[in-house]
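Below, each chain spelled out in residue letters.
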Amino acid sequence: MRSIKFETELINKKILLRLDLNVPLESGKITDTTRIDKIIPTLKFLIKKNSKIIILSHIGRPKGKILKELSLKPICLNLENKLQQSVKLLKKNINEINHLDLFKNNDEKIIMLENIRFYDEEEKNDYKFAKHLSSLGDIYVNDAFSCSHRSHASISQITKFLPSYSGLQMEVEMTALRKITSEIKKPITCIIGGSKISTKIDVIKNLISKFDNIIIVGGMANNVIKHMGYEIGKSLHEDNAEKIIEEIFSLSKKGKCNIFFPQDVVVANDKNGVPFQKEIGKISSEEMILDIGEKTIKMIEGIITESKTVFWNGPAGFFENKNFANGSIKIAKKIVDNSKAKKIYSVAGGGDTVSLLNSLNFVNDFDFVSTAGGAFLEYLEGKQLPGITALK
Ligand code: ADP
Ligand code: MG
């Protein structure tokens, strides 16, 4: 993997720079800018080299459709502010853009193309789409570690057509994760929550052989609770997950990995509803699980105390509403306390997890915080990430 850090050929070149600017938005406003802040050094580095920069990124899951609310406009404005330099958002259909549309005048230095996932070719890793993208620049740089577990056109396929490099933030993430995984101390506990069930559930299976404890919380846990035969009402869950959950439990017995899931939860009739503590088994069909309960929190705190290493990805509840943030906050506090006392080595990853830690001012109290969620977990699994492989 070649890093831009040591490259002399960047001067005056048009750089296609893939970033992960998928920050959380609430009615058009950015609620956490970590992912933007982290790539500022890369942009400044390229600006210094006098490169012309074409930023590629996605935000949200538009699934191949142009959605106004998932425009990169707010990110573009935020970047302009931070760099004190114009960043031009090119809204033209990517398939129709050609090099004549780019850098029309001399003071145009940074261009951003609209949300790359507006085009379903992106997630299909489409050959023609990648080739067309590549025709817009001279060099490709991937500084989106958090997207590199995806075989997508602007991550993987595009490297076939251009000299390809890793960015500065990619290096930081990879170096830290490499160090962590090689110097890891047992017992290792992994706490997995959040809402991306289909992406993460396979990961759990592969982590069983590596970790001593896996604690499943958040939306992830609802499928497990359902699998145990309990009512989960209107809770977030994934269909057709029965087989994999069965596998997870049977592997955990063989692999001597303990799997934990919530014994009590906080429910409401909807995401704005009044919160109630409930044992699993007492949930009605009208309710949804939105946080973990007090007993479960105590159990998790106990497991953290007995661990030497703790990995955490995915909030324990719908933390955007403070009525359902308690579980996530208590987990964060316990990890931070034990980490400060040097009793554990603590690592957190994931866009939403990091955004939660930021709001609590805890980011610097963890030993390492990665902006990557899925990629972070797949790295822990020991998987080759397609975006990284493509750079090699
Ligand atoms: P990360 O970005 O940290 O990898 P995810 O994207 O997988 O995490 O999930 C984060 C989202 O999961 C948050 O928006 C949070 O509100 C949601 N979430 C967690 N638990 C629940 C739950 N029980 N019901 C609904 N949403 C949940
Ligand atoms: Mg997320």
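All of the points below concern the structure found in this document.

Parameters and conventions
- Residues numbered from 1 in each chain as written.
- Chains lettered and ligands numbered in written order.
- Predicted model: local features only at pLDDT ≥ 70, side-chain atom pairs only at ≥ 80, totals over all residues.
- Heavy atoms only, no water.
- Helix = DSSP H or I, 4+ residues; strand = E, 2+ residues; numbered from the N terminus.
- Buried < 20%, exposed > 50% of the residue type's maximum accessible area, 1.4 Å probe, protein only.
- Contact = heavy atoms within 4.5 Å.
- Lys, Arg positive; Asp, Glu negative; His and termini not counted.
- Salt bridge = Lys/Arg side-chain N within 4 Å of Asp/Glu carboxyl O.
- Polar contact = N/O pair within 3.5 Å; in protein donor to acceptor, adjacent residues only side chain to side chain.
- Near = heavy atom within 4 Å.
- Areas by Shrake-Rupley, 256 points an atom, 1.4 Å probe, with all protein chains shown as cover.
- Nonpolar A, V, L, I, M, F, W, Y, C, P; charged D, E, K, R; others polar.

Another point: the environment of Gly-349. One can find Gly-349 in strand β16 (residues 345–349). The exposure class of Gly-349 is buried, given its relative accessible area of 0%. Along the chain, Gly-349 and Gly-314 lie 35 residues apart, while their C-alpha atoms are 7.8 Å from each other. When sequence neighbours within four positions are dropped, the list of residues in contact with Gly-349 reads Trp-312, Asn-313, Gly-314, Ser-370, Ala-372, Gly-373 and Phe-376.

Checked against the element boundaries, Glu-7 lands in the segment before β1 (14–18). Here Glu-7 is buried and forms no salt bridge, its nearest opposite-charge partner Arg-2 lying at an N-O distance of 4.5 Å. Polar side-chain contacts of Glu-7 include one of 3.4 Å to the side chain of Tyr-165. Residue contacts for Glu-7: discarding those within four places in its chain leaves Lys-49 and Tyr-165.

Moving on: the site of ligand 1. Near ligand 1 there are 21 residues, and of these Ser-195, Lys-200, Glu-320, Asp-352 and Thr-353 occur at the shortest range. Within the side chain of Asn-313, a nitrogen or oxygen atom sits 3.1 Å from an oxygen atom of ligand 1. Between ligand 1 and Glu-320 there is a distance of 2.5 Å, counted from an oxygen atom to a side-chain nitrogen or oxygen. In the complex, the protein chains occlude 92% of the 580 Å² of accessible area that ligand 1 would expose alone. Mapped by element, the contributors of at least two residues to the shell around ligand 1 are α7 (218–227), β14 (288–292) and α11 (351–359). Per-element tally for the shell around ligand 1: the top contributor is α11, with 3 residues. Residue classes in the shell around ligand 1 are distributed as 6 nonpolar, 11 polar and 4 charged.

By themselves, these figures tell us nothing about what the structure is for.
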